[in-house]
Amino acid sequence: MRAQDTLLFAVKTLRSYPTRSMLIMLAMALGVAAVIVLTALGDGARRYVINQFSSIGTNLIIVLPGRAETAGGFPGAALGQTPRDLTLDDARWVGRLPQVRRYAPLNVGVAELSAAGVLREVTVLGSSAEILPIRHMRLVQGNIIAGIFENSAQIILGDKLAQDFFPDGNALGQRVRLGDRRFLVAGILAMQGESMGFNSDEIVIIPVQHAQALFNTHSLFRLMVEARHRSEIEATKAAIHETIVRRHNGEDDVTVITQDAVLATFDRILHALTLGVAGIAIISLLVAGILVMNVMLVAVSQRTGEIGLLKAIGTPALTIRLVFLTEAILLSVAGAILGFALGQAGSLLLRIAYPQLPAWPPIWANFAGIAVAILVGTLAGLLPAARAARLDPVQALNKR
Amino acid sequence: MIQLAAISRIFYMGEQAVRALDQVDLTILPGEYVSIMGPSGSGKSTLLNVIGLLDRPDSGQYLLNGKNVTDLSETEQAKVRREKIGFVFQSFHLVPRMTAAENIELPLTLSGIPLSERKTRVLETLQSFNLSDRAQHRPAELSGGQRQRVAIARATIMRPTAILADEPTGNLDHRIGAEVMALLEALHQGGTTLLIVTHDRELGLRAQRKIGMRDGRIESDTRNEKQ
């Protein structure tokens, strides 16, 4: 029997049992679609997190006051020690390191902003002009000059705040009051939206000394450092750590984290999660495979008379095996293709429903879904096909 | 030419061995018209199955056209069945989901004959069996006589040297049965060896050579010298 005739024979058989064929195909398709949609979800979450991290800056090293300790509180606390503050002086010393391209001290707080008769509580970042390039923030209006911003009473408004306070768009150059201090609006941030749960459209940035005076603190909340080169991140991290420890009389009381390390951890966790959900989805493909086997076994016993006839008119066992196997493979291939389409459609719907989630199925998941479906379907077809081929022709013919 | 020598086929029903064929010797010449008669359980169907290579004898030797076919592999036996032998069954054994034309085409398809040649041969056969207007009907839409005509068309489309018919009229009424017999006998007139298993004496007597079986042995073997 020629290959195209075997194929045609199988297609005709499948078409003559439309309900049965559609149901198995659907089972296969749902399995494949589950693999694709779930991995799209997992990988989308991974990409979302990575995007969020990248949006807060590149080659970023963050210094936190206090030593990271998972068990108990600060270890020195038992000895009556408290962690030293991370001060502006510390920041300046770090800034002198040759590996550091730029740095920005950071204080965060909440204060009342009032201007043009409007009063509102806003999140205040106290920093230097360098915060803008480090955090990848742009100005739509105004010009902030490093060295001048830090030593003057200037303020940068988030895009939405500028619009709320000055609907006419003439915010630049206006005076506003923050807490008990007056500031000159020197810049307006470009619309950036939310990143890391932080909406830069609704913040104000003031020089760090003013922020420390406003919030009555000497300790920095964070010190953000940008390394010169990606390959120097680890060396820079070590240098920063050494510098601060030396300044703190040898007390190791700061935590230096790199964005890369955090990112890599999230990447690993979410990748493992994606693999995990893919594994769960593949189980549904195995179930579909068992369904294929079951239905094919029923088909063999229903078509015993036909198999006997095929043998009587001279069909070798091998051909009969091939015919049944082709049916199983066709079913799973059709199911896999349908499932691929369903999966892509499902991912598209996800992306439409959650535009911020880049729910693209990873390429490997598309291949894995289709390959596993076809493999499982083929394996599931082997046993029924062998059973059909083994039937004794005389008994098979007498069955009807 | 079909030559059986000391063919035995033994079935086991529980502990008991049943000799469906017991040391059968039989020679059938090309172009003969043979009826095999006997009560049920006499081994006549088993004899036909052994001759048609559907069943393997437990002992003995079977020469088909001088060639030993007893020891052929399953695939080689299938090839012999495909090319040399046509089966006609009591219950027709048409594939229910295929049209009459597709059922007739099946042996050609299995032999790997190209589509264009298949189509012309099926058309010719449909015509010669007077089935052209039933070509696209499925078996369920055909009468019993039409179904058996389709089955006979299928059995002959490979131009076999022998037609083996097992109770070909068993599911048909007398008049239709006679038509089917006439069709088979016409094939015999064309030179095909015709073997018919039946328990209908009247039908069996139409053959030139009548073999009677009982308990797995050939009890009588008579020839009608007039034909």
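Conventions and cut-offs
Residues numbered from 1 in each chain as written. Chains lettered and ligands numbered in written order. Predicted model: local features only at pLDDT ≥ 70, side-chain atom pairs only at ≥ 80, totals over all residues. Heavy atoms only, no water. UniProt positions renumbered as here; feature names shortened; annotations may be inferred. Core = buried A, V, L, I, M, F, W, Y, C linked by side-chain atoms within 4.5 Å. Buried < 20%, exposed > 50% of the residue type's maximum accessible area, 1.4 Å probe, protein only. Contact = heavy atoms within 4.5 Å. Salt bridge = Lys/Arg side-chain N within 4 Å of Asp/Glu carboxyl O. Helix = DSSP H or I, 4+ residues; strand = E, 2+ residues; numbered from the N terminus. Pairing = 2+ DSSP bridges. Axes fitted to C-alpha atoms, helices over the stretch in contact; angles between N-to-C directions. Phe/Tyr/Trp six-rings, centres within 6.5 Å; stacked < 30°, edge-to-face > 60°. Lys NZ or Arg CZ within 6 Å of the ring centre and 35° of its normal.

The name given to chain B in an unreviewed UniProt entry is ATPase component ABC-type (Unclassified) transport system, and the organism recorded there is Nitrosomonas mobilis.

Among the UniProt annotations of chain A, the heading Subcellular location (unreviewed entry) holds the following wording: "Cell membrane". Database annotation for chain A, UniProt heading Sequence similarities (unreviewed entry): "Belongs to the ABC-4 integral membrane protein family."

J.: Go over the nonpolar core with me, naming the residues and quoting the values.
T.: Formed by 67 residues in total, the largest nonpolar core has its most connected members in Phe 324 of chain A together with Leu 47, Ile 51 and Tyr 62 of chain B. Leave out the neighbours within four places in its chain, and Leu 47 of chain B touches Leu 4, Leu 21, Val 24, Leu 26, Ile 36 and Met 213 of chain B.

J.: How would you summarise the pattern of salt bridges if you had to cite specific residues and measurements?
T.: All names here are of chain A. Tallied over the entire structure, the rule returns 35 salt bridges over all chains. One salt bridge connects Asp 267 with Arg 46, and the closest N-O pair in it is separated by 2.7 Å. Here Asp 267, found in helix H8 (residues 259-302), pairs with Arg 46, found in helix H2 (residues 18-55); they are 221 residues apart in sequence, far enough to count as distant. Among the residues examined, Asp 267 registers a relative accessible area of 26% and is labelled partly exposed. Note on Arg 46: relative accessible area 18%, which makes it buried.

J.: Can you break down the sheet that holds strand S2 (residues 16-28) of chain B residue by residue, with the values?
T.: Residue and element names in this part refer to chain B. One open sheet accounts for four strands, arranged S2-S1-S4-S5; its pairing is antiparallel. Of all the strands in the sheet, the pair left with one neighbour each is S2 and strand S5 (67-68). Each of strand S1 (2-13), S2 and strand S4 (59-64) is contacted by helix H1 (residues 44-51), which is oriented at about 60° to S2, the strand it contacts most.

J.: Would you mind going over the sheet that holds strand S10 (residues 217-223) of chain B in detail, with residue names and values included?
T.: Strand pairing in a sheet relies on backbone hydrogen bonds, with the paired strands running either antiparallel or parallel. Residues and elements named next belong to chain B. Taken in spatial order, the six strands line up as S6-S7-S8-S3-S9-S10 in an open sheet, and their pairing is mixed. One side of each edge strand has no neighbouring strand; the edge strands of this open sheet are strand S6 (85-88) and S10. The mean angle between the axes of side-by-side strands here comes to 15°, regardless of whether they run parallel or antiparallel. Bridge analysis of strand S3 (residues 33-37) against strand S9 (residues 209-214) gives four bridges, and the strand direction is parallel. Of the residues in S9, the one forming a bridge with Ile 36 is Ile 211. Sitting on the sheet, helix H2 (residues 74-84) touches S6 and strand S7 (162-166), and the angle it makes with S6 is about 75°. Lying on the sheet, helix H5 (residues 144-156) is in contact with S6 and S7; it crosses S6 at an angle near 170°.

J.: Provide a residue-level description of the packing of aromatic side chains, including the pertinent values.
T.: Overall, the coordinates contain one aromatic pair over all chains when judged by the stated rule. Ring geometry for Phe 87 of chain B versus Phe 89 of chain B: centroids 5.6 Å apart, planes at 5°, classification stacked. Accessibility expressed as a relative area gives 5% for Phe 87 of chain B, which makes it buried. Take Phe 89 of chain B: its relative accessible area is 8%, and that puts it in the buried class. The ring of Trp 93 of chain A has Arg 96 of chain A sitting right over it, with the charged end atom 5.0 Å from the ring centre. Positioned over the ring face of Trp 360 of chain A is Arg 351 of chain A, at 3.5 Å from the centre of the ring.

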